[in-house]
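In case you want the letters, here they are:
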Amino acid sequence: MLFDLPAIIVRSVAIVALVPTAALAQQLGWSGSAEASASLLFGNARDRLIAGRLQLGRADSTVEVRADTRFTYAESTNEDGGRRVSGRTTFASLSTDYHPLHRWSPFWFGSFESSFQQRIDQRYSTGIGAKYTFYRAKDAEASVSLAMLAERTVPRLDAAVPDTGADWRARWSLRARARRQITKTTRFSHVTFYQPRVDDLSHYTINSTTTLAAGLTAKTSLTITFHDSYDSDSRARGARSNNDGQLLFGLSAAF
């Protein structure tokens, strides 16, 4: 069978669990969105990927707090017809911006990441920086930021070099972010992080996410998301490639 129904039901529990979490956050004065998306290949190649994402935020003229949690799970079919896990990623971040409506605003950022395909068991990072918003309008915004991060990456036990990068290291973090309301029901957003090591710029990561959303109702939208992640040290840890990309089609609900 192309679909393993019990397995799909079990994995969908994580997406369904976002709903009560979002409802509780709304009661506490937060706003945000919950999104479920997937991609599927069938015929000669029978691969599938599911993803879930929850974003929460609370802001006023003094402080903006944002939380972002997402996960992906991918399976592929081998030559014998059996299934194998080809990708599994978990990411969570929390950030606070001081005076977010000013042209210049300082911020703190912290994150956790785990990636099966990039052979990352645990990756922690935290740091401070400043954001410069060079364009702001009712229907659009664009900004860049620079931060200094402390990061610790722990490779998976099956990585080629399990102890590579297990120490805390300093990284620069350059972020470019833009959003635009294209029409009344269509919006575009993009964010890219470039994070080289301070002591050696040849070791770096790039994470880019681009989303196009088309509104169905006042609160729900169809989404197309392209996410690309590059880690210059992935192959050294035993990954097949330094690059990991996903094209996802999903449904997002705002609250």
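Everything that follows concerns the structure shown earlier in this document.
Residues numbered from 1 in each chain as written. Predicted model: local features only at pLDDT ≥ 70, side-chain atom pairs only at ≥ 80, totals over all residues. Heavy atoms only, no water.

1. Description of the overall build of the protein
At step 1: In terms of regular secondary structure, the protein is built from 2 helices and 12 strands.
At step 2: Along the chain direction, N to C, the helices and strands of the protein fall in the order α-α-β-β-β-β-β-β-β-β-β-β-β-β. (Helix = DSSP H or I, 4+ residues; strand = E, 2+ residues; numbered from the N terminus.)

2. Some details on the pattern of salt bridges
At step 1: Overall, the coordinates contain 13 salt bridges when judged by the stated rule.
At step 2: Here Glu 75 ties to Arg 48 by a salt bridge, and the two come within 2.7 Å at their closest N and O atoms. Residue Glu 75 is found in strand 3 (residues 63-77), and its partner Arg 48 is found in strand 2 (residues 47-59); the two are separated by 27 residues along the sequence.
At step 3: The exposure class assigned to Glu 75 is buried, which follows from its relative accessible area of 7%.
At step 4: Take Arg 48: its relative accessible area is 10%, and that puts it in the buried class. (Salt bridge = Lys/Arg side-chain N within 4 Å of Asp/Glu carboxyl O. Buried < 20%, exposed > 50% of the residue type's maximum accessible area, 1.4 Å probe, protein only.)

3. Digging into the environment of Leu 201
At step 1: Structurally, Leu 201 is set in the loop between strand 9 (186-196) and strand 10 (204-215).
At step 2: Along the chain, Leu 201 and Trp 172 lie 29 residues apart, while their C-alpha atoms are 9.3 Å from each other.
At step 3: Once residues within four sequence positions are removed from consideration, Leu 201 is found in contact with Tyr 194 and Pro 196. (Contact = heavy atoms within 4.5 Å.)

4. As for the side chain of Asp 244
At step 1: Within the secondary structure, Asp 244 is located in strand 12 (residues 243-254).
At step 2: The contact partners of Asp 244, leaving out residues within four places of it in the chain, are Gln 117, Gln 118, His 227, Asp 228 and Ser 229.

5. Considerations on the side chain of Ser 234
At step 1: Checked against the element boundaries, Ser 234 lands in the loop between strand 11 (220-231) and strand 12.
At step 2: If near-sequence neighbours (up to four positions away) are discounted, Ser 234 is found in contact with Gln 118, Ala 239, Ser 241 and Asn 242.

6. A word on unusual backbone geometry
Most of the time, phi is negative for any residue but glycine, and the peptide bond is trans.
At step 1: Unlike most non-glycine residues, His 99 shows phi in positive territory, near 55 degrees.
At step 2: Counting through the fold element by element, His 99 comes out in the loop between strand 4 (83-98) and strand 5 (104-115).
At step 3: A positive phi is found at Arg 119, a non-glycine position, where the angle reads about 60 degrees.
At step 4: Note that Arg 119 resides in the loop between strand 5 and strand 6 (120-137).

7. Digging into a nonpolar patch on the surface
At step 1: Taken together, the side chains of Leu 146, Met 148, Trp 172, Leu 174, Tyr 194, Val 198, Leu 201 and Ile 206 make up a nonpolar region of the molecular surface, amounting to roughly 660 Å² of accessible area.
At step 2: For the nonpolar patch, the secondary-structure elements that each account for two or more residues are strand 7 (140-155) and strand 8 (168-181).
At step 3: Inspection of the secondary structure puts Ile 206 in strand 10. (Patch = residues over 30% accessible without salt bridge, like charges linked within 9 Å, V, L, I, M, F, W, Y side chains within 5 Å. Areas by Shrake-Rupley, 256 points an atom, 1.4 Å probe, with all protein chains shown as cover.)

8. Digging into the packing of aromatic side chains
At step 1: If you walk through the whole model with that rule in mind, you get 6 aromatic pairs.
At step 2: Here Trp 104 and Tyr 132 contribute two aromatic rings whose centre-to-centre distance is 4.7 Å and whose plane-to-plane angle is 35 degrees, an arrangement assigned as tilted. Placement of Trp 104 in strand 5 and of Tyr 132 in strand 6 is noted, with a sequence separation of 28 residues between them.
At step 3: Judged by its relative accessible area of 56%, Trp 104 is exposed.
At step 4: According to the relative accessible area criterion, Tyr 132 is partly exposed, its value standing at 26%. (Phe/Tyr/Trp six-rings, centres within 6.5 Å; stacked < 30°, edge-to-face > 60°.)

9. Overview of the pairing of strand 5
At step 1: In this structure, strand 4 lies alongside strand 5, joined through 9 bridges in antiparallel fashion. Bridge pairing in strand 5 links Leu 94 to Gly 110.
At step 2: Adjacent in sequence and paired antiparallel, strand 4 and strand 5 are bridged by 5 residues, among which His 99 carries a positive phi angle near 55 degrees.
At step 3: Pairing geometry for strand 5 and strand 6, over 11 bridges, is antiparallel. Looking at the pairing, Phe 112 lines up with Tyr 124 of strand 6.
At step 4: Turn length for the strand 5-strand 6 hairpin, with the two strands adjacent in sequence and antiparallel, is 4 residues, and the turn residue Arg 119 shows positive phi of about 60 degrees. (Pairing = 2+ DSSP bridges.)

10. A closer look at the environment of Arg 179
At step 1: Here Arg 179 lies in strand 8.
At step 2: Residues Arg 179 and Ala 142 lie 37 residues apart in sequence; the distance between their C-alpha atoms is 6.6 Å.
At step 3: Leaving out residues up to four positions away in the same chain, Arg 179 has contacts with Ala 137, Lys 138, Asp 139, Ala 140, Glu 141, Phe 188 and Ser 189.

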